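Inside the fold
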Amino acid sequence: PGSQIIALDAKTGAELWRYKKELPAELMQLHPTNRGVALYGDKLYFATLDCMLVALDAKTGKVLWTKPVENWKNGYYMTLAPLIVKGKVMVGASGGELGIRGFVAAYDTEGGKEAWRTFTVPAPGEPGGDTWPANDSYKTGGGSVWVTGSYDPETNLAFWGTGNPAPWTPDNRKGDNLYTSSTVAIDVDTGKIKGHHQYTWNDSWDWDEVSPPLLIDTEFKGKKIKAAVHAGRNGYLWVLERTKDKINFVEAWPYVGNTAFTGIDK
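Attention here is on the structure that accompanies the text.

**Here's the deal with the pattern of salt bridges**
Here the idea is simple: oppositely charged side chains can pair when their charged atoms come close. Under the defined criterion, the tally for this structure stands at 14 salt bridges. A salt bridge links Glu15 to Arg18, with the nearest nitrogen and oxygen atoms 2.8 Å apart. The network of salt bridges with shared partners includes Asp152, Glu154, Asp217, Lys226 and Arg242.

Here's what the structure looks like:
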């Protein structure tokens, strides 16, 4: 917490170096935490609460570069550990409770140049944009990404979970509200969304589904499948199938009692 990193000698516990990001005094975030760092080569990557991506020398703690990801004054902050694949460091933004538009962004590991930015709430005219009202509601639609995604090297897809839509009450955002409360599969090279599965449409329960699915090669009803398994906040265990260009539904079972659903459509 507090956007700091402390490196310790594993044998003795002696402090090797310390980095602490100076945060703006006015910074407001509801979850002032951090879920870890990423190591790639001899560098360490860190997402700060005030929405900066920082690269450090892993041995010395020296700051190599710092890049702004978003403006914290607009309600954005970051709490996740970055995901690094093929020289791209990927991060997502928190702040759905403050009316942000969620995204995953990728940066070059060497110099920090932005490679792509993929919004989890589509604009009008974009795929999924028709699941929102035809106004500016998508600009504050939520869909935060605050847990590190999972990566499938066979398809080169990163799977990310997204948070609930905003605002919490659904009256002013009629529609399914893609891609909130979903898993999205993003092509690491291009940032294009190749597939999605929405667990709860028009979510008004604050059922963030930000945990990425577990990527498991398994057998289901005698058929071998490349599964993506997720225990949803809506009380169902979901078995999905991951492919190079979409996510298929396989099966889902309730693992707790609930009073919201009587069943699911298959």
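**Points about unusual backbone geometry**
Glycine aside, a negative phi is what most residues show, and trans is what most peptide bonds show. With an omega of -5°, the peptide bond running from Ala166 to Pro167 counts as cis. If you trace the backbone, Pro167 turns up in the loop between strand S12 (157-161) and strand S13 (182-187). The peptide bond linking Leu178 to Tyr179 adopts the cis configuration, its omega dihedral lying at 0°. The phi dihedral of Asn156 falls on the positive side, at around 60°, and the residue is not glycine. Given the relative accessible area of 11%, Asn156 is considered buried. One non-glycine residue, Asp206, lies in positive phi territory at about 65°.

Criteria and thresholds
Residues numbered from 1 in each chain as written. Predicted model: local features only at pLDDT ≥ 70, side-chain atom pairs only at ≥ 80, totals over all residues. Heavy atoms only, no water. Salt bridge = Lys/Arg side-chain N within 4 Å of Asp/Glu carboxyl O. Helix = DSSP H or I, 4+ residues; strand = E, 2+ residues; numbered from the N terminus. Buried < 20%, exposed > 50% of the residue type's maximum accessible area, 1.4 Å probe, protein only.

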